[in-house]
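# Overview (structure and organization)
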Amino acid sequence: MQKVCNIIPFFLSRLSGIAPRREIRNWAYLSIEKIIGLNRSDTILKSNMILSSQIVLKLNDIVNELSNNQPIQYILSEVEFYGIKLKVNKNVLIPRPETEELVDWLLKDDFQSVLDIGTGSGCIAIALALNSNAIINAMDISKHALMVAQKNSINNRVKINFQNQDILKLNKLPKYDIIVSNPPYVLESYKSKISKKILDFEPHNALFVSDNNPLLFYTKIAKLAIKSLNNNGKLYFEINQLFAAEIFDFMHELGFVDIELKKDINGKKRMIRGTKN
Ligand SMILES: C[S@@+](CC[C@H](N)C(=O)[O-])C[C@H]1O[C@@H](n2cnc3c(N)ncnc32)[C@H](O)[C@@H]1O
């Protein structure tokens with residue numbers, strides 16, 4: 001590997017079989033951008049640029065980590081979410097595209113104050129802070145996740161009030177216009193069906209809930225929200241589509257009105273919102 005034009009063939013030959021070719025190409029472009037600073041069109045325009053031995057070494061390391069199933073976002077310590085650059089490490093979940101859809105839905109609302117429960121990298125809170133004038137609060141049980149979220153808020157020049165709290169231990173919350181959460185919702189029994197990429201690298205406390213009480217976070221948060229939301233305030237959740245009907249029903253029983261389930265781009269019921277009367 002001597003020149004820029006050799007990088008993509010190098011990734012494709014070393015990683016063939018690990019992922020579809022389109023995905024491997026994408027990893028190569030992301031790596032080129034991060035390590036050499038060339039975007040996709042520059043990669044073509046500067047295809048004859050000679051690579052230093054240091055850059056070759058770094059690209060080699062990336063390919064080795066990718067071949068061990070490590071997600072590219074953790075290798076490059078970076079992800080793009082809702083057009084925003086965020087740092088990520090193994091203490092935070094890699095933000096997913098369906099969460100961008102949740103943010104997009106939420107931003108159609110009018111609100112002055114928000115609480116994001118289980119903020120992780122801070123992706124939801126930061127996207128809301130950058131696209132509204134509301135006061136944004138965000139909570140997580142993990143101090144390490146909050147360090148990442150704090151750093152991301154500084155890098156994106158937004159002010160967010162972070163709190164290190166276990167939502168399951170709280171009996172009440174202050175008043176908010178919006179409470180939003182993408183809590184852990186993958187069943188423990190699902191571990192055997194999940195790819196090694198997720199299982200070996202992403203934080204389990206961000207992903208899994210016990211099969212005995214899969215809606216633990218949803219019921220707790222909804223009960224707190226119906227008491228603490230301002231009138232006409234809304235609760236938004238990202239959900240596991242398997243539990244859409246159940247979550248709808250208990251939100252209804254708790255007194256939420258105008259409850260709406262929303263499908264993601266793949267036609268799956270992955271979001272819900274309800275209004276406090
Ligand atoms: C599915 S991740 C969501 C992260 C981020 N909001 C996103 O959408 O990418 C769930 C988050 O909830 C946090 N969490 C887990 N248990 C919690 C608890 N008892 N109280 C507060 N946060 C909790 C985890 O640390 C993790 O950051």
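Refer to the structure presented above.
Residues numbered from 1 in each chain as written. Predicted model: local features only at pLDDT ≥ 70, side-chain atom pairs only at ≥ 80, totals over all residues.

A tally of helices and strands in the chain yields 12 helices and 11 strands. Over its C-alpha trace the chain gives a radius of gyration of 21 Å, about what one expects of a compact globule, namely 19 Å for 277 residues. Buried residues in the chain amount to 35% of all 277 residues. In the chain, the share of contacts with a sequence separation of at least 24, taken over all contacts with a separation of at least 6, comes to 65%. (Helix = DSSP H or I, 4+ residues; strand = E, 2+ residues; numbered from the N terminus. Rg over C-alpha atoms; globule rule 2.2 N^0.38 Å. Buried ≥ 20, exposed ≤ 12 C-beta atoms within 10 Å, placed from the backbone. Contact = placed C-beta atoms within 7 Å.)

Glancing now at the site of the ligand. With respect to spatial proximity, 22 residues lie near the ligand, and among them Gly118, Gly120, Ile141, Asn182 and Ala206 are the closest. Among the elements of the structure, helix 7 (123-130), strand 4 (135-140) and helix 10 (204-207) are those that each provide at least two residues to the shell around the ligand. (Near = placed C-beta within 6 Å.)

Ala127, Leu128 and Ile179 are the most contacted members of the largest nonpolar core, which has 55 residues in total. For this core, the element with the highest residue contribution is helix 7, accounting for seven residues. Non-local contacts of Leu128, meaning those with residues more than four positions away in its chain, are made with Val103, Leu106, Val114, Ala134 and Ile136. Listed in part, the 13 residues of the second largest apolar core include Ile32, Leu59, Ile62 and Leu66. (Core = buried A, V, L, I, M, F, W, Y, C linked by C-beta atoms within 7 Å.)

Its identity as a non-glycine residue notwithstanding, Tyr82 has a phi of 50°, on the positive side. Summarising the element assignment, Tyr82 is placed in the loop between strand 1 (78-81) and strand 2 (84-87).

As a further point, take the packing of helix 2 (residues 21-36) against helix 4 (residues 53-67). Helix 4 packs onto helix 2 with a crossing angle of 140° between their chain directions and a minimal axis gap of 11 Å. Two packed elements cross with a definite hand, and for helix 2 against helix 4 that hand is right-handed. Residues Trp27, Ser31, Ile35 and Ile36 of helix 2 pack against Ile55, Lys58, Leu59, Ile62 and Leu66 of helix 4. Classifying every residue of the contact of helix 2 with helix 4 gives seven nonpolar, one polar and one charged. (Axes fitted to C-alpha atoms, helices over the stretch in contact; angles between N-to-C directions. Left-handed = near helix turned anticlockwise from the far one by under 90°. Nonpolar A, V, L, I, M, F, W, Y, C, P; charged D, E, K, R; others polar.)

Read from one edge of the open sheet, seven strands run 5-4-3-6-9-11-10, paired in mixed fashion. Each end of this open sheet is capped by a strand with a single partner; those strands are strand 5 (161-164) and strand 10 (257-263). Each neighbouring strand pair of the sheet contributes to a mean axis angle of 15°, computed without reference to strand direction. Pairing geometry for strand 6 (residues 176-181) and strand 9 (residues 229-238), over five bridges, is parallel. Residue pairing for strand 9: Val180 is matched across the bridge by Tyr236. Helix 7 contacts strand 3 (113-117), strand 4 and strand 6 of the sheet and is inclined by roughly 175° relative to strand 4. (Pairing = 2+ DSSP bridges.)

Moving residue by residue along a regular strand, the side chains alternate between the two faces of the sheet. Taking burial as the measure, the six residues of strand 4 include five buried ones, the bulk of the element. With helix 7 bridging strand 3 and its parallel neighbour strand 4, the resulting β-α-β unit is right-handed. Of the strand pairs in this sheet, strand 4 and strand 5 are connected by four bridges, and their pairing is parallel. Each bridged residue has a counterpart across the sheet, and for Met139 the counterpart in strand 5 is Gln163. (Right-handed = clockwise from strand over helix to strand, strands pointing away.)

Attention shifts here to the packing of helix 1 (residues 7-15) against helix 2. For any two helices packed against each other, one specifies the inter-axial angle together with the distance between the axes. Packing of helix 1 against helix 2 leaves a shortest axis separation of 9 Å and a crossing angle of 130°. With respect to their mutual orientation, helix 1 and helix 2 come out oblique. The handedness of the crossing between helix 1 and helix 2 is right-handed. Contacts between helix 1 and helix 2 pair Ile7, Ile8, Phe11, Leu12 and Leu15 from the former with Arg21, Ile24, Arg25, Trp27, Ala28 and Ile32 from the latter. (Parallel < 35°, antiparallel > 145°, perpendicular 65-115°, else oblique.)

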